Amino acid sequence: MKALCHLLLFTSVTALRLYLPPPRRAIFMSENLASVVCITPIGPFCPFRSSACRDDGLLASGMSELSSMTPRFMTELARIQLSMQTGSEVDPAQVRRIGEEMLAAQTEWEQLLARMGMTDDFQAREYKKMTMAHLDKSGQSLETIGKMIRWQADCMIAYADRRPPPFPPAGVDLEMMAKQASAGSSSPMSAIGAANAITSSPFTGGEAVFDSPIVKEEYEKLCRDHNALVRMGEGYGSFDPLGKIAFIDAIEKVEERWDILFSRFALLGAVNPEFREQTETFLEGMGLTPQTFRELLRDAHQKMRHDAEQERILGPQSQG
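The paragraphs below set out a description of the structure included in this document.

About the cut-offs
- Residues numbered from 1 in each chain as written.
- Predicted model: local features only at pLDDT ≥ 70, side-chain atom pairs only at ≥ 80, totals over all residues.
- Heavy atoms only, no water.
- Helix = DSSP H or I, 4+ residues; strand = E, 2+ residues; numbered from the N terminus.
- Expected span 1.5 Å × (residues − 1).
- Buried < 20%, exposed > 50% of the residue type's maximum accessible area, 1.4 Å probe, protein only.
- Polar contact = N/O pair within 3.5 Å; in protein donor to acceptor, adjacent residues only side chain to side chain.
- Salt bridge = Lys/Arg side-chain N within 4 Å of Asp/Glu carboxyl O.
- Phe/Tyr/Trp six-rings, centres within 6.5 Å; stacked < 30°, edge-to-face > 60°.
- Lys NZ or Arg CZ within 6 Å of the ring centre and 35° of its normal.
- Axes fitted to C-alpha atoms, helices over the stretch in contact; angles between N-to-C directions.
- Parallel < 35°, antiparallel > 145°, perpendicular 65-115°, else oblique.
- Left-handed = near helix turned anticlockwise from the far one by under 90°.
- Contact = heavy atoms within 4.5 Å.
- Nonpolar A, V, L, I, M, F, W, Y, C, P; charged D, E, K, R; others polar.

Describing helix H4 (residues 122-137)
Thinking step 1. End to end, H4 covers 23 Å across 16 residues, agreeing with the expected 22 Å (1.5 Å per residue, within 8%).
Thinking step 2. A large share of H4 lies buried, amounting to 13 of its 16 residues.
Thinking step 3. One side-chain oxygen at the N-terminal end of H4 lies 3.3 Å from the backbone nitrogen of Gln-123; it belongs to Asp-121.
Thinking step 4. Gly-139 sits one or two residues past H4 and shows a positive phi near 75°.

See below:
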């Protein structure tokens with residue numbers, strides 16, 4: 001029983017890390033800046049939020065609650081694991097409480113993912129696809145992780161009741177998940193949540209480049225265009241397949257414009273030094289590279305393109 005609980009605690013930490021949502025105002029890093037660490041507002045970390053994903057939106061409230069729950073789970077699981085490793089007695093009531101809270105959190109997360117998939121909103125769908133893309137890279141799926149967490153919670157409750165643990169769910173590789181946990185692997189989503197917050201702005205507004213009316217207008221127009229696309233994306237689910245593909249193309253064009261603008265500003269030394277320092281710390285806290293982010297975002301968009309193509313061929317019933 002004790003050996004099994006050790007395995008459960010290792011894999012629980014890994015599985016829970018995969019579910020930690022990102023902070024509300026974080027933004028992605030530009031891969032075009034080789035010499036200067038900088039960030040561009042693209043992907044699900046865009047500061048322009050749709051009605052579904054803004055701070056007072058339905059999806060945002062669910063993600064915020066899960067963000068606050070997950071670190072507490074991980075802390076309590078680590079404490080139990082340490083107690084078991086040192087031979088100390090583990091309180092069955094505490095184990096039961098954590099198991100029951102894990103089940104409740106898993107149910108809430110599944111409902112949140114379902115809402116993300118059913119909403120017309122592009123940003124919500126994009127976030128779900130990014131979660132799926134990351135799990136693909138680690139050989140997992142939303143279904144597999146869900147089964148694992150529910151089984152872990154059931155095992156913890158069985159431990160508290162002094163009952164034998166249930167059999168592992170079919171299709172779940174316990175050995176692989178234990179290796180991932182012992183190696184300290186985590187997802188970009190969990191790492192973003194653990195990274196230091198970025199509180200400064202990339203521009204103070206007093207940079208010399210803004211003395212140029214042309215540069216100022218370019219920047220303001222990019223903000224307007226991006227915000228307008230976010231508003232348009234609230235109806236993404238109602239677009240026909242070709243309209244969805246065209247919308248993804250438009251989003252990626254805006255991302256390219258941010259890269260170009262930030263590259264020029266960085267070369268001119270117009271990026272706020274405090275912002276640069278915070279972004280460097282931010283990346284160190286995540287343990288990730290700009291390329292990792294970009295690959296994840298590209299994979300998510302590719303999944304959305306694939307869905308649109310399947311819808312064009314098979315009809316709306318093909319959407320999952």
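From this point, the narrative continues.
Some thoughts on the pattern of salt bridges
Thinking step 1. This structure, assessed with the given rule, holds 20 salt bridges.
Thinking step 2. One network of salt bridges, with partners in common, ties together Arg-96, Glu-100, Asp-161 and Arg-163.

Some remarks on the packing of aromatic side chains
Thinking step 1. The final tally for this structure, using the stated rule, is 9 aromatic pairs.
Thinking step 2. Ring centres 6.0 Å apart and planes at 65° place the aromatic pair Tyr-236 and Phe-239 in the edge-to-face group.
Thinking step 3. With a relative accessible area of 2%, Tyr-236 lands in the buried category.
Thinking step 4. Three or more aromatic residues link up through ring pairs in this structure, and these residues are Phe-210, Tyr-219, Trp-258, Phe-262 and Phe-265.
Thinking step 5. Its end group placed over the ring of Tyr-159, Arg-162 keeps NZ or CZ at 5.8 Å from the ring centre.

Considering helix H9 (residues 241-267)
Residues separated by three or four positions in an α-helix point in the same direction, a consequence of the helix having 3.6 residues per turn.
Thinking step 1. With 27 residues, H9 should cover 39 Å at 1.5 Å per step; its first-to-last C-alpha distance of 40 Å lies within 8% of that length.
Thinking step 2. One or two steps after H9, the chain reaches Gly-269, where phi turns positive at roughly 70°.

Let's talk about the packing of H4 against helix H11 (residues 290-314)
Thinking step 1. Put simply, H4 and H11 touch, their axes get as near as 8 Å, and they point 110° apart. The angle between H4 and H11 places the two elements in the roughly perpendicular class. Where H4 crosses over H11, the handedness of that crossing is right-handed. The residues of H11 that touch H4, namely those facing Phe-122, Arg-125, Glu-126, Lys-129, Met-130, Met-132, Ala-133, His-134, Asp-136 and Lys-137, are Glu-295, Leu-296, Leu-297, Asp-299, Ala-300, His-301, Lys-303, Met-304 and Asp-307.
Thinking step 2. Residue classes in the contact of H4 with H11 are distributed as 8 nonpolar, 2 polar and 9 charged.

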